[in-house]
Amino acid sequence: RWYSLPTIPNLGKCNINVPPLPPERWVKKADDHYERVYDSKESDEYYHKLLNRPAAFFVAVDKSEGKLIVKMNPFVAAHRAAALLGGENADALQVKYQLAELSSMGEPETKEFHVPNSDAYEETEFAENEMNLPLYPRQAKALTRMMAIENGDVLFEESEMSEHVLPGVGWCLIANASKKTRLRGGVLGDAIGSGKTVITIALILKGAAKARASRNISAARSSATLIVVPPGLLDQWDDERKKFTGDKLKSIKIDSTATLKKYSVKDLCEADIVIAPAGIIDEGNGKKRPYTENLQKKAKSAPIPPASSSHSQREAPTIEGTWVRCMASGPEIYVGNKGNQKYRDQL
């Protein structure tokens, strides 16, 4: 059974329950390799703060009564769960707790997650001549859904938990902190040839007026949408832009750092779309890294460390989950079909 906790100030931001991490620094070595280092004194202080954090359980013996007294402090667990959400104002979080027995907890309950299509959405409408070619109904519905996300109308629940075990007794205090958050982006997951590019172009076109109003050339603030593609799709992506929108969207193609240097800050600020290859950040031979060196120069920043080559410090190359089809027209319609959008929409 879960019990709600009353709100308290600075939930998840308490330096006693959740000591802040010491700052990290990057030091350049003799071979131009950068290494992440920590100040030993700051690290030692942080370690002792962790050791001195309040305990979730308090155990004492009452010799006069011959009793073992066990108390728990749910707010200790609540602070740590809330900290995993970044810490929020008290009224933005919902916090609850429960006391469970390890013997009854068993294996974590895993649930299948569903990825629905956009059939339930209305089709986005376009003004006359807004698009050179119309979207198919399925594409127009997906666009409506994406625009709702862009406008901040779609919420989802973030949730984090913190567990604290009382050794020798088999009790576990569990705190759950959650908050409603605006969905920031998503994945347009569809089959090859289903029109992902044109839907994205239509999304940019629909948001172009708002984006242009927020640009500021004097402050070097661009409102362009950055499109990162494999090198072989650079021209193809821009051709699709011309095909569906003509000259309504201003595009800049950057195939290398040398090309990037030809454009001014003003050019980039006035663009609606900037298309670049995925490998431009790692461009270069040996120790030369043109893109990051140019970025460092323009930003007047300290040297930018290269990506870690150590496997232990790299992000996992894959994610795992259970995919369950939950759609009226699933991926199988793309297998062995006639290869055109009209036929796919009929299915």
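Since this is a predicted model, take the numbers as computed values, not measurements. (Residues numbered from 1 in each chain as written. Predicted model: local features only at pLDDT ≥ 70, side-chain atom pairs only at ≥ 80, totals over all residues. Heavy atoms only, no water.)

K.L.:
Where do I start with a nonpolar patch on the surface in this structure?
P.N.:
Among the surface-exposed residues, Val59, Val61, Leu68, Val70, Met72, Leu99, Val169 and Trp171 lie close enough to one another that they form a single nonpolar patch of about 660 Å² accessible area. When contributions to the nonpolar patch are tallied by element, the ones reaching two or more residues are strand S4 (57–62) and strand S5 (67–72). Of the residues forming the nonpolar patch, the biggest block, three residues, is contributed by S5. (Patch = residues over 30% accessible without salt bridge, like charges linked within 9 Å, V, L, I, M, F, W, Y side chains within 5 Å. Areas by Shrake-Rupley, 256 points an atom, 1.4 Å probe, with all protein chains shown as cover. Salt bridge = Lys/Arg side-chain N within 4 Å of Asp/Glu carboxyl O. Helix = DSSP H or I, 4+ residues; strand = E, 2+ residues; numbered from the N terminus.)

K.L.:
Where do I start with the pattern of salt bridges in this structure?
P.N.:
Opposite charge on two side chains allows them to pair when their charged atoms are near. Counting across every chain of the model gives ten salt bridges. For Asp190, the salt bridge identified is with Arg138, shortest N-O distance 3.3 Å. Placement of the pair is Asp190 in the loop between strand S9 (171–182) and helix H5 (196–206) and Arg138 in helix H4 (residues 137–150), with a sequence separation of 52 residues. The class of Asp190 is partly exposed, set by a relative accessible area of 29%. By relative accessible area, Arg138 is classed as buried at 17%. (Buried < 20%, exposed > 50% of the residue type's maximum accessible area, 1.4 Å probe, protein only.)

K.L.:
So what exactly am I meant to see when it comes to the packing of aromatic side chains here?
P.N.:
How two aromatic rings sit relative to each other is given by the distance of their centres and the angle of their planes. This structure, assessed with the given rule, holds one aromatic pair. Sitting over the face of the ring of Trp2, Lys96 holds its NZ or CZ atom 5.1 Å from the ring centroid. The ring of Phe126 carries Lys206 above its face, with NZ or CZ at 4.5 Å from the centroid. (Phe/Tyr/Trp six-rings, centres within 6.5 Å; stacked < 30°, edge-to-face > 60°. Lys NZ or Arg CZ within 6 Å of the ring centre and 35° of its normal.)

K.L.:
For this particular structure, what's the right way to read helix H7 (residues 234–245)?
P.N.:
The periodicity of an α-helix, 3.6 residues per turn, causes residues three or four places apart in sequence to face the same way. Here H7 spans 17 Å end to end across twelve residues, near enough to the 16 Å set by a 1.5 Å rise per residue. Along H7, the residues classified as buried are Leu234, Trp237, Asp238, Arg241, Phe244 and Thr245. Looking down the long axis of H7, one finds its buried residues gathered within 135° of arc, a one-sided arrangement. Its buried side turned inward, H7 meets H5, strand S10 (225–229), strand S11 (251–253) and strand S12 (273–277). Downstream of H7 by a residue or two, Gly246 has a phi angle that is positive, lying close to 60°. (Expected span 1.5 Å × (residues − 1). Arc of directions from axis to C-beta. Contact = heavy atoms within 4.5 Å.)

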